[in-house]
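Examination of the molecular architecture
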Amino acid sequence: GYQTWGDQFSFSAATYTHEPNNLERGTGNAARFIYHPTLANGALLHLGVNASIENPDDNTARLRSRPEMHQDDHRIVDTGTLKNVDDLRKLGLEAAYTKERFSAQGEYIRKSIKRDGASDHSFDGYYAYVSYFLTNDTRPYTNSEGIFGTVAPASDTGAWEIAARFSDLDLNDGTISGGQADAITLAVNYYMTRDLRFQANYVFTDSKGGTVLGDDPNGLQLRVRLTW
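In short, a report on the structure. Quantities reported herein were computed from a predicted structural model and do not represent experimental measurements.

Sheet analysis places strand E9 (residues 121–133) next to strand E12 (residues 159–173), joined by 10 bridges and oriented antiparallel. In the sheet register, Ser131 faces E12, and the bridge partner there is Ala163. Across 14 bridges, E12 lies against strand E13 (residues 176–193) in antiparallel orientation. Bridged to Phe166 within E13 is Ile184. Hairpin geometry of E12 and E13 is characterised by an intervening segment of two residues between the two adjacent antiparallel strands and by a positive phi of about 60 degrees at Gly174.

Another aspect to go through is the packing of aromatic side chains. Under the defined criterion, the tally for this structure stands at seven aromatic pairs. On the numbers, 5.2 Å between centres and 70 degrees between planes, the contact of Tyr141 with Phe148 is edge-to-face. Here the guanidinium or amino end of Arg139 rests over the ring plane of Phe148, the centre of that ring lying 3.8 Å away.

Side chains Leu44, His46, Gly48, Asn50, Ser52, Glu54 and Pro56 of strand E4 (residues 44–56) all project onto a buried face; the interleaved residues Leu45, Leu47, Val49, Ala51, Ile53 and Asn55 project onto a face where none is buried. Bridge count for strand E3 (residues 26–35) against E4 is 10 bridges, and the pairing is antiparallel. Counterpart to Gly28 in the pairing with E4 is Glu54.

The next point concerns the sheet that holds strand E8 (residues 102–115). Adjacent strands of a sheet form backbone hydrogen bonds with each other and so pair up, either parallel or antiparallel. Taking strand neighbours across the sheet as the criterion, the 11 strands line up as E1-E2-E3-E4-E7-E8-E9-E12-E13-E14-E15 in an open arrangement whose pairing is antiparallel. Unpaired on one side and paired on the other, strand E1 (2–5) and strand E15 (218–226) mark the two borders of the sheet. Adjacent strand axes in the sheet meet at a mean angle of 10 degrees when their direction is disregarded. Direction of pairing for E8 relative to E9: antiparallel, over a ladder of 12 bridges. Note on E9: the bridge partner recorded for Glu107 is Tyr127.

Once that is clear, we can look at the pattern of salt bridges. On inspection of all chains with the given rule, the structure shows seven salt bridges. For Arg89, the salt bridge identified is with Asp87, shortest N-O distance 3.0 Å. On the basis of relative accessibility, which here comes to 40%, the residue Arg89 falls in the partly exposed class. The class for Asp87 is buried, based on a relative accessible area of 4%. For the salt bridge of Arg110 with Asp124, the shortest nitrogen-to-oxygen distance reads 3.5 Å. Taken together, the residues span a long stretch of sequence, with Arg110 in strand E8 and Asp124 in strand E9 at a distance of 14 residues. In this structure Arg110 comes out as partly exposed when scored by relative accessible area, which is 35%.

Definitions and cut-offs
Residues numbered from 1 in each chain as written. Predicted model: local features only at pLDDT ≥ 70, side-chain atom pairs only at ≥ 80, totals over all residues. Heavy atoms only, no water. Pairing = 2+ DSSP bridges. Helix = DSSP H or I, 4+ residues; strand = E, 2+ residues; numbered from the N terminus. Phe/Tyr/Trp six-rings, centres within 6.5 Å; stacked < 30°, edge-to-face > 60°. Lys NZ or Arg CZ within 6 Å of the ring centre and 35° of its normal. Buried < 20%, exposed > 50% of the residue type's maximum accessible area, 1.4 Å probe, protein only. Axes fitted to C-alpha atoms, helices over the stretch in contact; angles between N-to-C directions. Salt bridge = Lys/Arg side-chain N within 4 Å of Asp/Glu carboxyl O.

Written as structure tokens, this is what we have:
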């Protein structure tokens, strides 16, 4: 791998194999470039592009997803196993903006599957979300990685954040009917300290096609995260 960064950019690239405990087998190459110009009044703009190409050892691929809830192995969209796969190519676009308590972020990903002796396929998905701190806090940013870090509350009483997110995943293309799913998430986060966080999410899901016709699960998720 290789990584470099400056005051307004970061770049990384890597070549890799999948670990033995990973369901995927094969090799891959990936790269990511981030540009974050300096803005006035403490605002931050993050613009990025990432890409990868992978070659599976068994010449198969399968794309599927849970309804943004991971309590079980329930998948609502699924392409099934695609055979005669030569390589998988991914292109991603990302953007984020923060100013004081406000934050907005979104990503778009398109994954193309190249096959030998069969039709090629492309699938895409995206998400967008906004958040706002009720306390005098903001999301920290790491220049070297081009990522947002862990919130360290400005006050001993902790930090409160509310957020909303919309996502879409479309696994239909040509003869492949993997389904399409949308999800809306409403969230409340409480950061007691930098290392202790409480989260409450409610997810509304709407799907078309997929593994079960009309599968639209909703769910309340509660999470406690402790790091040390």
